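This is what each chain is made of:
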Amino acid sequence: MSGINELIDNEVKSNDVVLFMKGTPQFPQCGFSGQVVQILDYVGVDYKGINVLADDEIRQGIKEYSNWPTIPQLYIKGEFVGGCDIVREMFQSGELQKHLAEQGVSARGAA
């Protein structure tokens, strides 16, 4: 495993919810990242945002790590959940909230 892969793996496994995104949760730098931030804020879950724009190695590395070509990428309990469209669909169907609850992640806004 390369150094960058190890770093990503560590972030994914040591935080319950991690969002690899463009920008930061306070200042998303793309609409898709912004949408996922809004959803996570709405369901009221604590998460770590990692700005891929701050580090080219992470930006490239996360795509290889997940085998997913686009950013943002959401991980819950070490597992890749998906990008913006998947997260939005899961949120609208209630699946995201259910998944968080099943994983034992507390979300203030969860039903």
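Just so we're clear, the structure is a prediction, and the values are computed from it rather than from any experiment. (Residues numbered from 1 in each chain as written. Predicted model: local features only at pLDDT ≥ 70, side-chain atom pairs only at ≥ 80, totals over all residues. Heavy atoms only, no water.)

Chemist: I tried to follow the sheet that holds strand β1 (residues 17-21) on my own but got confused; where do I start?
Modeler: In space, the four strands of this open sheet follow the order β2-β1-β3-β4, with mixed pairing throughout. Looking at strand neighbours, the two that pair on one side only are β2 (48-51) and β4 (79-82), the edges of this open sheet. Strand-to-strand twist in this sheet, taken as the mean axis angle between neighbours without regard to direction, amounts to 25°. Against the sheet, helix α2 (residues 31-43) makes contact with β1 and β3 (73-76), and its axis sits at roughly 160° relative to β1, the strand it touches most. Contacting β1, β2, β3 and β4, helix α3 (residues 56-66) runs over the sheet at an angle of about 60° to β3. (Pairing = 2+ DSSP bridges. Helix = DSSP H or I, 4+ residues; strand = E, 2+ residues; numbered from the N terminus. Axes fitted to C-alpha atoms, helices over the stretch in contact; angles between N-to-C directions. Contact = heavy atoms within 4.5 Å.)

Chemist: Would you mind going over the pattern of salt bridges with me for this structure?
Modeler: When charged atoms on two side chains of opposite charge get close, those side chains can pair. Following the criterion strictly, the structure yields five salt bridges and no others. Note that K77 and D16 form a salt bridge whose closest N and O atoms lie 3.3 Å from each other. One end of the pair, K77, is in the loop between β3 and β4; the other, D16, is in the loop between α1 (3-14) and β1, with 61 residues separating them in the sequence. Taking the relative accessible area as the measure of exposure, K77 reaches 38% and is therefore partly exposed. R108 serves as the salt-bridge partner of D46, at 3.8 Å between the closest nitrogen and oxygen. Of this pair, D46 sits in the loop between α2 and β2 while R108 sits in the segment after α5 (95-102); the two residues are 62 residues apart in sequence, bridging distant segments of the chain. (Salt bridge = Lys/Arg side-chain N within 4 Å of Asp/Glu carboxyl O. Buried < 20%, exposed > 50% of the residue type's maximum accessible area, 1.4 Å probe, protein only.)

Chemist: What is the right way to read the packing of α1 against α3 from this model?
Modeler: Packed helices, taken two at a time, are described by the angle their axes make and the gap between the axes. Two elements in contact, α1 and α3, have axes whose closest approach is 9 Å; the angle formed by their N-to-C orientations is 70°. Compared by their axis directions, α1 and α3 come out roughly perpendicular. Side by side, α1 and α3 meet where I4, N5, L7, I8, D9, V12 and K13 of the first sit next to E57, I58, G61, I62 and Y65 of the second. (Parallel < 35°, antiparallel > 145°, perpendicular 65-115°, else oblique.)

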